[in-house]
Amino acid sequence: EIGAAAAPPPAANAVPGAANAAPVAANNGAASRNPIPCRPYCFRKSRDPPATLYELSMRVVLRRYLHPGATEQNPPKFPSLRDRTMKRQMENYFNLLPSHLKSDLLHNLFSGNWDSCRQAHRTRLDRQMFDNKLCCTYPEECPSLHDSRFMFPPREDLVTVWKILQGKQATTLDLLQFMENYHSDYYWEDNLFSLSSGARDIFRNNQLGAIEAALSKSPKMVTNIQKVLLIGTYRELNAPLWARLLPTMQYLQSIELHFWSADHFFKIIHDLNVELRELILCRQRQSMPSKDLELIPKMIAKFRSSLRVFILDSKDKPFSQKLSKDIQRSLSKCENLECLKLESCESPYVHWCNSRYRVRTKKLVMSLRRSDHYKTVIRNINRCFNADVLIDLFYDTYVDIENHKHSFFSNHSVLGGGENTVAPSTRMFEAQELKGDFYKLMSEFGVKVHRLSAETDIRPEYFMYQFPNLEYLELFARASRKVPVDTRFIERPWKHLKDFAMEVDPGFSTLMVEGLLIHVLGDIFTYTNQLTTLKIHAIQSGIRVSETNLLVKLNQVKSNLRHLKTIEFLSPYCMSSRGLTAKLADFFISNCPNLELLRDVASWSASEEAWANLAVKAERRGLQTAWASKTTRTAIYTIDFDCVGWVQTDTGHQFELYDNFNEDWDLEVDNNDIDEFMDV
């Protein structure tokens, strides 16, 4: 029976009784013995392993801070750490653990939504859905937990627990865990900056201030720190503290500073007597007017012999032409630079005209926007950097003319991929790429790009001609226009492209998403046969497509699907017509011999018999079927969609799907009122 293989025992974190909801099919797989509606949500090579003993032990140790939904209905009450006996017991226990275990406990307990600069630049797409491994519902709207199962300790326990887990032998000090709390309330800090710290604490829970006060009383906690992630408050009120603590970190190698104004912090960093290998400076939006950027060339020059990574993200504060040249002069003296990023509202490279300073680095992270200056930016990159540099590029293809984006207008019926929906100024701008020196500039620049993230309304075929050496490609797509390219560009299929991800722009996808999926997937599989990972995010609009046309296109390129291992279609919107069905799942299972994961198919429409037959076919291919059962939870989601609750029978995770009930409505009019209805 299918149920025996398709519904494995519930995981350790499963909801009690969830396994009883697993579907049990009849011998022929056509009729279900369970009256509760069921459908697959995932086909996978092997089910996710249960929670390890390490994870279970961590939950037991930190049980008092588990989310209520992750424990039993009546969790036990623990005594407060204000009790000296309880506090001493906890200190004695955790002091027996090695430092790496305490570091893991600290990371899991205090993990928040604010990522470090490294994590934030992994993808330009919605990171919460990009990392969503559980279901197709947006994590903030999902009824079950997606993030950490631990809550931040209450105010009275915060400092005590943090100090115990941080310890005195830790090599990393991460204060970005408290950025979310501070960022939401920094205007309080701005308005009440003249009051004492005790007066400010009356108004809000200043977690960052409490931790910094604890460090001020115990400076020996930071003597072994090698990597520090700091927050410079809005008015740099915590600068005196770090002027005293940072010089005591004799082994310091990496600094990541998030700030609004950093005049004092930059001077403190400049005066450090250490050999910094990483310097990451990230300015927050709505920052204060300051002259802190003028100190950056001096900092680079100070650490030029040891600096490996330099990242400066200035957000909404632009660079001047003089500052850009000073920074480039300092960077040209760096001997061992491996990663570089300079970013502001306009890339500083646009000011590097007629520069003779050459910068050598292994990796360059940059943004490029099609504007009146983007050819100058490309020319300067070609001239000022080594030929073997690898570029991680964010490319905004919407034409920017005189600070106005001329990208997308829809005044007529949509034709093709949206070629008739752009302004005439956009067509005139793009026609300039067919002549002049654009071919020469892009031919030299494009081969250096190995990761590309594009905000675009252009088909992938356009990027194939310009960026032939891509290893990773992601699109934030609105449409799929076919844009002409210079005839001197030759067709060079991607030989190294392994991963592709796309997020559908909800503001425009309803106009032409039917052609979008066909054109994008058609181009991707036409020009690469090495793809292993495919991710499609349509979390805010649903996936509308003519499945017949999509299958016809995929059949033409099915020989290039043989390396696919992971396929993810994340959309909680159920489309009863013009949506995906079990036919597409059947196609992937039949034509992808190395397939290990196909999700999330719960929103795809099909009969129970069709899903049962597909489960049998998947089992023959070595794939296990993970089922979901419908619950009694229903609600109105929007004017067009109602919300229906589902539960994964193998894990107990509850999620929601949104049914488009407008497509199923029939208008009934009484014959006696037909005349009145016609008048209306």
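Residues numbered from 1 in each chain as written. Predicted model: local features only at pLDDT ≥ 70, side-chain atom pairs only at ≥ 80, totals over all residues. Heavy atoms only, no water.

Draft legend 1. Main features of the environment of Thr-248. One can find Thr-248 in the loop between helix H12 (239-245) and strand E4 (254-259). Sequence separation between Thr-248 and Ile-225 is 23 residues, and the spatial gap between their C-alpha atoms is 9.2 Å. In contact with Thr-248, other than residues within four places in its own chain, are Val-222 and Thr-223. Only 2.5 Å separates the side chain of Thr-248 from the backbone oxygen of Leu-245, close enough to count as a polar contact. (Helix = DSSP H or I, 4+ residues; strand = E, 2+ residues; numbered from the N terminus. Contact = heavy atoms within 4.5 Å. Polar contact = N/O pair within 3.5 Å; in protein donor to acceptor, adjacent residues only side chain to side chain.)

Draft legend 2. Highlighting the state of the cysteines. Throughout the structure, instances matching the rule amount to zero disulfides. The thiol sulfur of Cys-142 is not disulfide-bonded, and the nearest other cysteine sulfur, from Cys-135, lies at 3.8 Å. (Disulfide = S-S within 2.5 Å.)

Draft legend 3. Structural context of the pairing of strand E14 (residues 533-537). The element E14 is largely enclosed, with a buried count of five among its five residues. Residues Thr-533, Lys-535 and His-537 line one face of E14 and the alternating positions Leu-534 and Ile-536 line the opposite face, and both faces are buried. In terms of strand pairing, E14 meets strand E15 (residues 566-570) through five bridges, oriented parallel. Looking across to E15, one finds that His-537 is bridged to Leu-570. One crossover worth recording links E14 to the parallel E15 by way of helix H21 (residues 547-556), and it is right-handed. (Buried < 20%, exposed > 50% of the residue type's maximum accessible area, 1.4 Å probe, protein only. Pairing = 2+ DSSP bridges. Right-handed = clockwise from strand over helix to strand, strands pointing away.)

Draft legend 4. Highlighting the pairing of strand E1 (residues 38-44). Counting buried residues in E1 gives six out of seven residues, a clear majority hidden from the surface. As defined by bridge partners, E1 adjoins strand E17 (residues 597-599) across three bridges and the pair is classed as antiparallel. Pairing of Phe-43 across the sheet is with Leu-598, part of E17.

Draft legend 5. Broad picture of the packing of aromatic side chains. Scanning the entire structure with this criterion turns up 16 aromatic pairs. Ring centres of Phe-463 and Phe-467 lie 6.4 Å apart, and the angle between their planes is 25 degrees; on these two criteria the pair is classed as stacked. Accessibility assignment for this pair places Phe-463 and Phe-467 in one class, buried. Grouping aromatic residues by their ring pairs yields a cluster made of Tyr-395, Tyr-462, Phe-463 and Phe-467. (Phe/Tyr/Trp six-rings, centres within 6.5 Å; stacked < 30°, edge-to-face > 60°.)

Draft legend 6. Quick look at the confidence of the model for the chain. Put simply, the chain has an average pLDDT of 82, and 81% of its residues get 70 or more. Throughout residues 24-34 the model reports pLDDT below 50, and contacts reaching past four residues in sequence, or to other chains, amount to 26 contacts. Residue range residues 664-669 is modelled with pLDDT below 50. Its contacts to residues more than four positions away, or to other chains, number four contacts. (pLDDT = per-residue confidence, 0-100.)

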